[in-house]
Amino acid sequence: MSIHDEKYAKRIEATFAKYPDKRSAVMPLLYIAQEEYGWVSPEGIEEVAQYCDMDPTQVKSIAGFYTMYSEQPKGKYWLQVCNDLPCALRGADEFHKQLKEYLNVEEGGTTADGMFTVEHVMCLAACDKAPMLQCNFHFVENLDMEKMKAQIEQWRAEAKAEKK
Amino acid sequence: MVTNITKTVTIYIDDVSYQVPAGANLVDAAKALGNDIPVFCYHPKMSPVGMCRMCLVELGSIEKDRATGEVVLDDKGQPKVRWFPKLQTACTTNVSDGMTVRTNTKQVDQARENVVEFLLTSHPLDCPVCDKGGECPLQNLTMEHGPGKTRMNFADKMHLDKHVPLGDLIFLDEERCIQCARCIRFQDEVAGDDVLAFHERGRSLQIITNSEPGFDSYFSGNTTDICPVGALTTADFRFGARPWELTNVPSICPQCPVGCNTSLSTRLDRDAGGRAIIKRVMPRQNEQVNEIWICDKGRFGHHFSRGADRLQIPMTGNAPASLTRALQVAADKLKAAGSDVAVIAGSSMSNEDLWALKQLANGLGSERLGAWPPTHAGADLVAQVGVGKGTNLSALGKGDAVLIIASDLEEEAPVWRLRINQARKRGAIVVVANARKTQMDEFASETATFEYGEAPKFMADIEASDLGKKLAAANNLIILTGADGLTLVESRALMQSAANFLIKTGHIGKANNGLMSAFPGSNAMGLYYMGFTPEATLDIAQKPPKVLIVAQSDLIADDPSVGEWLTKVETIISLTLFNDALAGLATVALPIQSFAERDGTFVNGERRVQRFYTAQGPIGEATPAWQVAGRIGELLGQGKVKLSAAAVMLDITKSVPAFEGARYKELAHVEPQFPMIQKDVYYGGTAYENTGGLGVQIPTAADQGETLNVGEVFVPETPKVGKGKMLIIPTQVLYNRERTFQSSELMHPRVADPYAEINSADAKRLNINNGDMVEIAIAGASAIRVRAQVDGRAPKGAVILPRHLATNAVPLTATVGSISKVGQAAVVEG
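Residues numbered from 1 in each chain as written. Chains lettered and ligands numbered in written order. Predicted model: local features only at pLDDT ≥ 70, side-chain atom pairs only at ≥ 80, totals over all residues. Heavy atoms only, no water.

Draft legend 1. Molecular detail of empty space enclosed by the protein. Residue and element names in this part refer to chain B. According to the stated counting rule, one finds five cavities of 30 Å³ or more in the structure shown. If you add up the space inside the second largest cavity, you get close to 190 Å³. Every residue lining the second largest cavity is counted, 17 residues in all, and those nearest its centre are Thr-224, Thr-234, Phe-237, Arg-280 and Met-282. Within the residue set of the lining of the second largest cavity, elements represented by two or more residues are α5 (222–226), β11 (232–234), β14 (275–283) and α6 (296–300). A breakdown of the residues in the lining of the second largest cavity according to their chemical character gives five nonpolar, four polar and eight charged. (1 Å grid on protein atoms, 1.4 Å probe; cavity = no way out; pocket = protein on both sides within 12 Å on 5 of 7 lines; lining within 4 Å. Points joined across faces, edges and corners; volume = space filled by probe spheres on them. Helix = DSSP H or I, 4+ residues; strand = E, 2+ residues; numbered from the N terminus. Nonpolar A, V, L, I, M, F, W, Y, C, P; charged D, E, K, R; others polar.)

Draft legend 2. A look at helix α21 (residues 645–655) of chain B. Residues and elements named next belong to chain B. Three or more residues of α21 are buried, namely Ala-645, Val-648, Met-649, Ile-652 and Thr-653. Along the axis of α21, the buried residues cluster in a sector spanning 140°; they form a single face. Considering only its buried residues, α21 is in contact with α8 (351–363), β27 (600–603), β28 (608–612), α20 (625–635) and α22 (664–667). (Buried < 20%, exposed > 50% of the residue type's maximum accessible area, 1.4 Å probe, protein only. Arc of directions from axis to C-beta. Contact = heavy atoms within 4.5 Å.)

Draft legend 3. Region of the structure containing the packing of helix α1 (residues 6–18) of chain A against helix α2 (residues 26–37) of chain A. Residues and elements named next belong to chain A. With their axes 10 Å apart at the nearest point, α1 and α2 run at an angle of 165° to one another. What the angle tells us is that α1 and α2 run roughly antiparallel. Here α1 runs over α2; the crossing is right-handed. Note on element contacts: α2 touches α1 through Pro-28, Leu-29, Ile-32, Glu-35 and Glu-36, opposite Lys-7, Tyr-8, Arg-11, Ile-12, Thr-15 and Phe-16. By residue class, the composition of the contact of α1 with α2 is six nonpolar, one polar and four charged. (Axes fitted to C-alpha atoms, helices over the stretch in contact; angles between N-to-C directions. Parallel < 35°, antiparallel > 145°, perpendicular 65-115°, else oblique. Left-handed = near helix turned anticlockwise from the far one by under 90°.)

Draft legend 4. Molecular detail of the domain arrangement of chain B. Residue and element names in this part refer to chain B. Segmentation of chain B into domains returns domain 1 (8–104), domain 2 (115–234), domain 3 (315–377 + 524–682 + 689–697), domain 4 (380–483) and domain 5 (726–821). Here the C-alpha centroids of domain 3 and domain 5 sit 31 Å apart. The interface is formed by 15 residues belonging to domain 3 together with 11 residues belonging to domain 5. Contact between domain 3 and domain 5 buries roughly 1,000 Å² in total, counting both sides, with carbon and sulfur atoms accounting for 63%. Summed over the three residues of domain 3 that lose the most area to domain 5, namely Asp-558, Pro-560 and Phe-578, the buried surface amounts to 49% of that side. Run the count over domain 3 and domain 5 and you get one salt bridge. (Domains from an automatic or database assignment. Buried area = accessible area lost by both parts, 1.4 Å probe. Salt bridge = Lys/Arg side-chain N within 4 Å of Asp/Glu carboxyl O.)

What follows is the structure, encoded as structure tokens:
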């Protein structure tokens, strides 16, 4: 596991090409590290620091400042449910609660099999399609528990297929 | 920050008009006028950020008619002031003509009170157990501006970790931190090691380090001085004493040629049997030398002065003796030897000691005065074309250049590295030329390389190169040499070529131009002025005298080849701090006092004579070396021993022309310095005001227009490395196992295990892997066992072997040897 992996080479190269100096690329590279490790791991920070010619402390500082970088290990599917007021009015609170019960996790927790992390987030700007959530930064909208269960099964199947 | 004082503007503070330097920072300008605007995050040595809001003032400007540009007058005929609608941070404001400031209004008072109250909501108020208590900006400003009462419910206070080690040396108390970012900015802007940063945000904001080892910087201690609260404390002083119990004695750091001005904080200590001992070492302001910074070696390396290995009583033939008896034995031996006597003196001895030793030898008819360690030649060239009188590295900037050659300055003289890095940030060209990759490359604007043995040639030929032309064209040029990988002869040739280049390009005899060298010890220039030379040391080794006086020189630990000739010396008289191997060999071993127990002077690498004062109580029967030498002289009928170090110095000023004007009184002279680091610790931090003297810089021959004599440059042949052999390059690392550092136990985790760097190509050829135990064999020395570090820093064919890490001595200068893997399979350290 490393962002030195060949599959990222092109993206990294393209990222550096966009900026006048190396350290400007730190945020896109942190996303790549998060994608690779599932979170911004110490190894990821070290690798990004090397790429961007920065001290690892500075890279960690950036990862700590922005909330979309996770400095805790996350499940393969990172489910962020919006339960701000408009969503709550459309039953997001209840949906969030049921989802946690269904997956048997605490707020911010990860399922024992390392598949799903559930947490609530502030407005994702999709109030009209609530209840909704963001899975690994992609929207899943107009949800109810039935749809959600089917979606979860689909993700499980996808992960299984990937493993094979 | 050096402001241009030639141009001034008029500003109005609290309705009084003042002339201040144009463009000056408002806090600095007000400070100079005696108006203390309180600050937490602002520091005069760093860029302003306006984070703490403590410096809020009412700010306005004189209104001018837009059409005519004329000043608008109010009803009373006074210029009309246009005020900012809200208070402004003074620290982010530079003065401009007509600026109007109010610092004493109700609104400003209210703002200050509110800011303090706000900061205190998250502060634990644990002053009674805080190391900073008594010299704490937050404490002082709370007393001065704070509300006196809190509206905060104590139960609601956030409680955080109070014991976060940022490394082995610095602890963070997360509760006390007010998030001013002074430490972060210091590491980034001043130290150049940006290993501190903020993590998270809002109430979760904390200082972190992610370096390996934690807080990896040679300047980490300075962050505790500028921390405006007790959030950062040192492992050395933590819970050690209260600041108000301390007596602060001006001193000079004895560790390297920078000659940082320090303040030794002492206290009568129960643990030391009621004697006064050093509790901490703090920087003392000298803007020309170290500003308000010191490195961690200087700050934490003071423990040797009361180490368990100090020699406490005189010894004759390895048996304790009274001082009178020991001195008599020494005198008798010297008398019997006639003029067949020599002295080897260490590079961290004071001028007074050196002078007394010289008098003793001269009185016996000997001129054989050796300097130890004999690694750097060319101090005479620094005396001729050294940096001109008035040189200040802080003055270097755009259009200026510094060439650092054959030196790993970071390891040899850290504070010079810090200041030169700042010069580079101000726009100066900093060229680092070395035969290997060093930490310094990171701080260079460009680098140049040559092969080992080629340094003198590189310097001699520089004129014709593009680099040479660029350096020659600089407004100001300083060449800073080291002796990395050089033999003594090569180091002289390098210095000569550097001197020639400076003379040819006119970069001599004026401030901020000339030659500097990272000599060993704190008084290598003093050795030169007193007539001690490294060449004489080699001569002593060639033709050993009957009686050899060895003063404050760890010959056996420094040089594996001393055994060859030391046995030929009939009598060794050792003047020593430590009960070391040499003291065991000596016929007479006399304990001498360290820099902390007596007064004296050092000459730093910029030829500044600086005075240090008596700080702690004597150790055993140790006496100052000048007194030891003087008393032996008295027994030999050379006249009475001087009564004080000051009297010895008076003698020196009369006899050594360079020291004219360097009497103790003159050395103690102080002048106001900018920034004004005084008792209000919130402005500059807890660095000490200089009350002990700024010292006197010895002019160079070039400064005085004297005839210069660089001498014929003898560029030696590059040593032939035979088949199967490698060049062994001894180098200097800052944290090592020298006796003068070994007693500082808190530094032990930071001292590297013995290692040698080799190139990966060589490693492959010799079948050596990273982490393997290897043996380095050098003719005439016992084998040295170290771990191999296979990296890209060592050039091909060379073994980079740091001195004073392994138990066995490493050669003083570059030599030839072989390296091989030790038989059994080695374990790679994790």
